[in-house]
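# Examination of the molecular architecture
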Amino acid sequence: LKMIPDKAPGEDVLHASGDLKKEAHIPSFEKYKELYIRSVESPEEFWGDVAKDFFWKTKYTGKFLDYNFDVTKGEIFVKCMEGATTNICYNVLDRNIYERKLGDKVAFYWLGNEPGDEKTVTYRELLQQVCKFANVLKSQGVKKGDRVSIYMPMVVELVVAMLACARIGAVHSIVFAGFSAESLCERIMDSQCCILITADGFYRGDKLINLKLIADEALQKCRDKSFTVEKCIMLKHLTKEDEVPWNPEIDLCWHSLIGGASEECEPVWCDSEDPLFILYTSGSTGKPKGVLHTVSGYMLYTAATFKMVFDYHSDDVYWCTADIGWITGHSYITYGPLANGATSVLFEGLPTYPDVIWCLFSLKILGTVGEPINPEAWQWYYSVVGEKRCPVVDTFWQTETGGHVMTPLPAATPMKPGSATFPFFGVVPAILNESGEELEGPSEGYLVFKQPWPGVMRTVYGNHERFETTYFKKFPGYYVTGDGCRRDKDGYYWITGRIDDMLNVSGHLLSTAEVESALVEHEAVAEAAVVGRPHPVKGESLYCFVTLNDGINYNQKLEGELKKQVREKIGAIATPDFIQNAPSLPKTRSGKIMRRVLRKIACNERDLGDVSTLADSSVIEQLFENRCCTAV
C-alpha cells in the first residue's frame, strides 16, 4: 500500500482527456487509492458490494475469500464465496432481460469476414439460442461437470455454445480455431472431452480455413491414441462450400439439432467453486497447461474489471479485437461485457481486409494486452490511433489471472507510456530478488502477488502438482507470475517480460524487453526480439533479431549503430553480442513472438518442440539460414 504515491505524479505523465465520460466510474486518483485500500484491507466488503449486482440461489457460508499461497504449509488453494450457488449464464442473460429489462438491447453486432455479412443479436434472442443449444447438449448426454471441446470461428454460435455449457454446468474448453489438428487432439485428450463442437470452416481475409477437415483429423488422432469422442456437432457457417466430410456415426448438424429444441431450459445451479472452463496456455516445457477457472470469482472479477478499466457506460458500443479462443475473448468479449449488459462488436474478419478499417472519430478509450508495449509503440497508439485524446489502458494480466491485474484506470490514474501503472482492486503486488526478499522503493526483480483476487485460476486441470510447482514453489507464500518487473520512484510498475526473458550477463540481470525497446528506437528498426544464449565467461550473451523497415538494408554500419544505441540507452553491459537480420519473426496466430523458438535458433538447436501455434512456419528455416556465426 505504501508504494502508491501520496498524490498523482504530474509532470512526466499524461492525463485522460477528450471524450472521456464526465461521470467516470473511478473519477480521481484519490478515489482510486481509497477504493484500493478498502479492497485489500476489507476484501469481503469490497467484493461483497460487487456481488450485490448478481443473483445468488444460496448465499455463501464461509469466508468470502479463503486461501493458502504457501506450499510449506500444505496444499495450495483459493476459494471464493464457498457455499454460495449461482449460474453465470443466468446472471449474464436472464438477469439482464428480466431484472434489468434489457431484453431488446443489442448484445452483439456481428460482422463477418465479407462486407455486408452481418447480423444483430439482442439479449432475448441470445438467451433463446443458448437455451435451445443447452437442450441439444442435454439430449446428447452432456451433464454437469462434463467437458465440452469447442473449435469454432468468431461467430455468434461460439458464444451460444460456451454459454449453453455454462447453463447446464458443463465445462467448456475452447480451442483457438487457428490451432492444428495435433494441438486440438492434445487438448481434447488432456481435458477428456465428451463431445466436440465445430464448424465447416471460415475465411480469414481471403484464406479459407477448413475447420471440419482439421477437426476430423484431430478426432482420428484421438482414436489412434485410444481416446474416442463419440459425437461431433458441426455448424454450417460457409454458404459457398457444399462438400463437407461427413461421418454419420459421429457427426451431427447444428441446425438440424437446434431446429426442434425447446427455448426453455432451467439453469443448473452451481457451487461457487465449480469449474466454469478450461483454457490451455503455453508451458515452458512446450506442453500446454489447462488453466481452470471457477464460477463465482471469475464472474465477479471479469464484471468489475470490464466496467472499471474500460469505464463502460450503458450507451457505449464496445469492441474487443481479440479471439474468443484466448482468455481476452473469454473475459472481455463474452463474460465481462455480458455481465454488464453491454453492447459489443463481434468481428470475424481482419481489420485490414478487404480494406483498412478506420473509425478513430468514435473512439473513447484504447486498450492493449499481451506483449509489454514499448514507449515508442505506446506513443504511436496514443497519438495516431487515439488522436491524443483517448486514455490508453495498457493492461497486464495472464490466462491464469482471469482478468486485468495491473492497469491504468481512465480518469483516475495518470499514464506513463509503457507502464502497467498500478494494481487493480484486491491485487497486492511485490517485487522480489533472487533470494525471495521483498524489495522496497524503486527496484527491479520478480513480479509476484501476495494474496488472491476472486478471478485467479484454481489449478492446472488434472495436475495440481504442476500448478503448485509452476506458480508457488519458487517463492513460498507468493503467486509467481513468471514475469520481471520494475517499480519506479513514483510507484509505477513496468513489466519487463517473462523471467525466462531476463538475462544474467556477468552477474547483471538484464531485461530483454528493455533491450528491444532500445533497438526499435532506431529509425531503421521496425521490430526486435532479444534472447539469451550460453556464454562460457559471461554466463549469457545477448542474441538480437531485428526486422527492418521497408527499403532499409542490413550492413555492418547499421549493426554498429544499433550496438551503440543500446550501449547509450542502457549501458555497456547490455551491448548485443549478436544481431541477426530477421525479415520475419516467429509468431503465434495471436501475434505473440515465440521467444522459445528464437532461443533454439540462437543456439542452433533444431529440436524446436511444438510449433503448431506458429502463424507462418516458413520463417523458421530462413532464420536458421541467416544465423550469426556464434563460435567463441
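Residues numbered from 1 in each chain as written. Predicted model: local features only at pLDDT ≥ 70, side-chain atom pairs only at ≥ 80, totals over all residues. Heavy atoms only, no water.

For the protein, an unreviewed UniProt entry supplies the name Propionate--CoA ligase and the organism Sinocyclocheilus anshuiensis. As stated in UniProt under Sequence similarities (unreviewed entry), the record for the protein gives "Belongs to the ATP-dependent AMP-binding enzyme family." (UniProt positions renumbered as here; feature names shortened; annotations may be inferred.)

## Regarding the overall build of the protein
Of regular secondary structure, the protein possesses 16 helices and 31 strands. Radius of gyration (C-alpha) of the protein: 24 Å, near the 26 Å computed for a compact globule of 632 residues. Principal-axis analysis of the C-alpha atoms places the extent of the protein at approximately 70 × 55 × 55 Å. Among the 632 residues that make up the protein, the fraction classed as buried is 58%. Positive and negative side-chain charges of the protein, numbering 67 and 85 respectively, have mean locations separated by a distance of 2 Å. (Helix = DSSP H or I, 4+ residues; strand = E, 2+ residues; numbered from the N terminus. Rg over C-alpha atoms; globule rule 2.2 N^0.38 Å. Buried < 20%, exposed > 50% of the residue type's maximum accessible area, 1.4 Å probe, protein only. Lys, Arg positive; Asp, Glu negative; His and termini not counted. Charge placed at Lys NZ, Arg CZ, Asp CG, Glu CD.)

## Structural notes on the nonpolar core
Taken as a class, soluble globular proteins show a tendency for nonpolar side chains to be buried jointly. Counting residues in each nonpolar core, the largest one holds 149 residues, and the members touching the most others are Leu 126 and Phe 133. The biggest single contributor to this core is helix α5 (residues 156–168), with 11 residues. Residues lining this core come from more than one domain, with at least three contributed by each of domain 1 (1–86 + 365–496) and domain 2 (122–275). In this structure Leu 126 touches Leu 93, Ala 107, Phe 108, Val 121, Val 156, Val 159, Val 160, Leu 163 and Leu 338, once residues within four positions along its chain are discounted. (Core = buried A, V, L, I, M, F, W, Y, C linked by side-chain atoms within 4.5 Å. Domains from an automatic or database assignment. Contact = heavy atoms within 4.5 Å.)

## As for the domain arrangement of the protein
Taken domain by domain, the protein holds domain 1 (1–86 + 365–496), domain 2 (122–275) and domain 3 (506–626). For domain 1 versus domain 3, the distance between C-alpha centres works out to 30 Å. For the pair domain 1 and domain 3, the summed buried surface comes to about 680 Å²; carbon and sulfur atoms form 48% of the total. Taken together, domain 1 and domain 3 are joined by 0 salt bridges. Across the domain 1-domain 3 interface, the total number found is 0 residue pairs in polar contact (both at pLDDT 80 or more). Its residues assigned to classes, the side of domain 1 that touches domain 3 comprises 1 nonpolar, 3 polar and 3 charged. (Buried area = accessible area lost by both parts, 1.4 Å probe. Salt bridge = Lys/Arg side-chain N within 4 Å of Asp/Glu carboxyl O. Polar contact = N/O pair within 3.5 Å; in protein donor to acceptor, adjacent residues only side chain to side chain. Nonpolar A, V, L, I, M, F, W, Y, C, P; charged D, E, K, R; others polar.)

## Some thoughts on the packing of helix α2 (residues 43–51) against helix α9 (residues 295–309)
Where α2 meets α9, the closest approach of the two axes is 10 Å, and the angle between their N-to-C directions is 85 degrees. In terms of orientation, α2 lies roughly perpendicular with respect to α9. Of the residues in α9, those in contact with Phe 46, Trp 47, Val 50 and Ala 51 of α2 are Leu 300, Tyr 301, Ala 304 and Met 308. Taken together, the residues of the contact of α2 with α9 break down into 8 nonpolar, no polar and no charged. (Axes fitted to C-alpha atoms, helices over the stretch in contact; angles between N-to-C directions. Parallel < 35°, antiparallel > 145°, perpendicular 65-115°, else oblique.)

## Some remarks on the state of the cysteines
Taken as a whole, this structure holds 0 disulfides when the rule is applied. Counting only cysteine sulfurs, Cys 194 is the nearest neighbor of Cys 165, a cysteine outside any disulfide, at a range of 8.6 Å. Relative accessible area serves as the criterion here: at 0%, Cys 165 is assigned to the buried category. (Disulfide = S-S within 2.5 Å.)

## A short note on the environment of Tyr 353
Mapped onto the elements, Tyr 353 comes out in the loop between β17 (343–347) and β18 (366–368). For the pair formed by Tyr 353 and Thr 302, sequence separation is 51 residues and the distance between their alpha carbons is 31 Å. The contact partners of Tyr 353, leaving out residues within four places of it in the chain, are Asn 113, Glu 114, Gly 205 and Asp 206.

## What about the pairing of strand β15 (residues 289–294)?
Of all 6 residues in β15, 6 are buried, a share of seventy percent or more. The side-chain alternation of β15 yields two buried faces, one formed by Lys 289, Val 291 and His 293 and the other by Gly 290, Leu 292 and Thr 294. Taken together, the 6 bridges between strand β14 (residues 275–281) and β15 define a ladder with antiparallel strand orientation. When the bridges of β15 are listed, Thr 281 appears paired with Lys 289. Direction of pairing for β15 relative to strand β24 (residues 459–460): antiparallel, over a ladder of 2 bridges. From the neighbouring strand, Leu 292 faces β24, where its bridge partner is Thr 459. (Pairing = 2+ DSSP bridges.)

## What to know about the side chain of Asp 488
Position of Asp 488 relative to the elements: it lies in the loop between β25 (479–487) and β26 (493–498). A relative accessible area of 11% places Asp 488 in the buried class. Of the polar contacts made by the side chain of Asp 488, one reaches the side chain of Trp 494; its length is 3.1 Å. The contacts of Asp 488, once residues within four sequence positions are left out, are Lys 416, Pro 442 and Trp 494.

## Some points on the sheet that holds strand β23 (residues 443–449)
Pairing is antiparallel in the open sheet, where 4 strands are placed in the order β22-β23-β25-β26. Sheet topology places β22 (429–432) and β26 at the edges, where each strand pairs with a single neighbour. Pairs of neighbouring strands in the sheet enclose a mean axial angle of 45 degrees, with direction left out of account. Here β23 pairs with β25 via 6 bridges, running antiparallel. By the bridge assignment, Glu 444 is partnered in β25 with Arg 486.

## Thoughts on unusual backbone geometry
Between Tyr 353 and the following residue, Pro 354, the backbone shows a cis peptide bond with an omega angle of -10 degrees. The residue Pro 354 is located in the loop between β17 and β18 in this model. Here Thr 421, not a glycine, exhibits a phi torsion of approximately 70 degrees, which is positive. The topology assignment puts Thr 421 in the loop between β20 (406–407) and β21 (422–423). Look at Thr 421 and you get buried, because its relative accessible area is 0%.

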